[in-house]
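Now for the letters of each chain:
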Amino acid sequence: MSNPAYKIATVGGGCFWCTEAVFQEVKGIIKVVSGYTGGRAPGRPTYREVCSGLTGHAEVVQITFDPALISYRDLLVIFMTTHDPTTLNRQGGDVGTQYRSVIYYHNDEQRQTAELVLAELKDSFDAPIVTEVSPLSTFYEAEEYHQDYYRNNSSQGYCSFVISPKLTKLRKQHADKLNSA
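Here is a short report on the structure shown in this document. (Residues numbered from 1 in each chain as written. Predicted model: local features only at pLDDT ≥ 70, side-chain atom pairs only at ≥ 80, totals over all residues. Heavy atoms only, no water.)

A few words now on the packing of helix H3 (residues 72-81) against helix H4 (residues 108-121). Orientation of H3 relative to H4, taken along the N-to-C sense of each, is 45°, at an axis distance of 10 Å. Accordingly, the angle class assigned to the pair H3 and H4 is oblique. Considering the relative orientation of H3 and H4, their crossing is right-handed. Residues Tyr 72, Arg 73, Leu 76, Val 77 and Met 80 of H3 touch H4, and the partners they reach there are Gln 110, Thr 113, Ala 114, Val 117, Leu 118, Glu 120 and Leu 121. (Axes fitted to C-alpha atoms, helices over the stretch in contact; angles between N-to-C directions. Helix = DSSP H or I, 4+ residues; strand = E, 2+ residues; numbered from the N terminus. Parallel < 35°, antiparallel > 145°, perpendicular 65-115°, else oblique. Left-handed = near helix turned anticlockwise from the far one by under 90°. Contact = heavy atoms within 4.5 Å.)

Structure below.
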């Protein structure tokens with residue numbers, strides 16, 4: 001899986017189960033890992049600690065992608081249009097700083113691309129975009145039971161009522177960017 005041509009993106013758009021499920025359907029995505037970053041608490045945080053809101057960490061996904069198949073820009077457009085980037089520290093019923101809308105850049109080129117995408121999309125929403133653009137700090141992989149959550153639990157209530165509608169929206173808006181069934 002490690003290929004020097006592959007790139008990594010890290011984004012947070014609410015619950016990482018939702019964001020992970022979205023990107024697992026996108027063409028050119030090699031791997032999606034749910035985790036935490038952006039906090040100030042030392043050491044590896046647990047899900048319970050992150051959910052307390054006291055660590056400062058956000059729930060994020062780290063995406064390994066093939067830029068020959070999907071650009072970082074297109075990846076960010078998909079990200080921005082499959083969550084609500086206009087609500088501060090909230091996605092639907094999920095409330096707290098751990099659910100903030102955020103793009104963590106890995107280098108200056110990613111930062112510039114993120115800022116461009118936000119500027120391009122600002123008139124596409126009814127309210128101002130509050131998505132944070134920040135340098136990536138240490139990424140902590142979430143506990144194993146969070147990985148592939150939707151694939152392993154698609155009949156669970158949260159998946160049916162929250163994630164499935166996001167996937168429907170993804171399939172309508174970005175059909176040309178998805179893996180073939």
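Read on, since the account is not over.
What follows covers the environment of Ser 160. Structurally, Ser 160 is set in helix H6 (residues 157-173). Ser 160 has contacts with Ser 154, Ser 155 and Pro 165, leaving out every residue within four places of it along the chain.

Tracing the chain through its elements places Thr 37 in strand E2 (residues 29-37). A polar atom in the side chain of Thr 37 sits 2.7 Å from the backbone oxygen of Thr 138. (Polar contact = N/O pair within 3.5 Å; in protein donor to acceptor, adjacent residues only side chain to side chain.)

Time to look at the sheet that holds strand E8 (residues 140-141). As summarised here, the arrangement of the six strands in space is E7-E6-E1-E3-E2-E8, forming an open sheet in which the pairing is mixed. Among the strands making up the open sheet, the edge pair consists of strand E7 (132-135) and E8. Bridge count for strand E1 (residues 7-13) against strand E3 (residues 58-65) is five bridges, and the pairing is antiparallel. Bridging across to E3, Ala 9 finds its partner in Ile 63. Of the strands in this sheet, E1, E2 and E3 touch helix H1 (residues 16-23), which is tilted by about 170° from E2. The sheet strands contacting H4 are E1, strand E6 (101-105) and E7, and the helix crosses E6 at an angle near 150°. (Pairing = 2+ DSSP bridges.)

What follows is about the packing of aromatic side chains. Scanning the entire structure with this criterion turns up five aromatic pairs. On the basis of an interplanar angle of 45° and a centroid distance of 5.7 Å, the ring pair of Phe 16 and Tyr 36 is categorised as tilted. Placement of Phe 16 in helix H1 and of Tyr 36 in strand E2 is noted, with a sequence separation of 20 residues between them. A relative accessible area of 1% means that Phe 16 is categorised as buried. Judged by centre distance (5.6 Å) and plane angle (80°), the ring pair of Trp 17 and Tyr 158 falls under edge-to-face. Residue Trp 17 is found in helix H1, and its partner Tyr 158 is found in helix H6; the two are separated by 141 residues along the sequence. A residue is classified by how much of its surface remains accessible, and Trp 17, at 10% relative accessible area, is buried. What makes Tyr 158 partly exposed here is its relative accessible area of 21%. Ring pairs connect the aromatic residues Phe 16, Tyr 36 and Tyr 47, which therefore count as one cluster. (Phe/Tyr/Trp six-rings, centres within 6.5 Å; stacked < 30°, edge-to-face > 60°. Buried < 20%, exposed > 50% of the residue type's maximum accessible area, 1.4 Å probe, protein only.)

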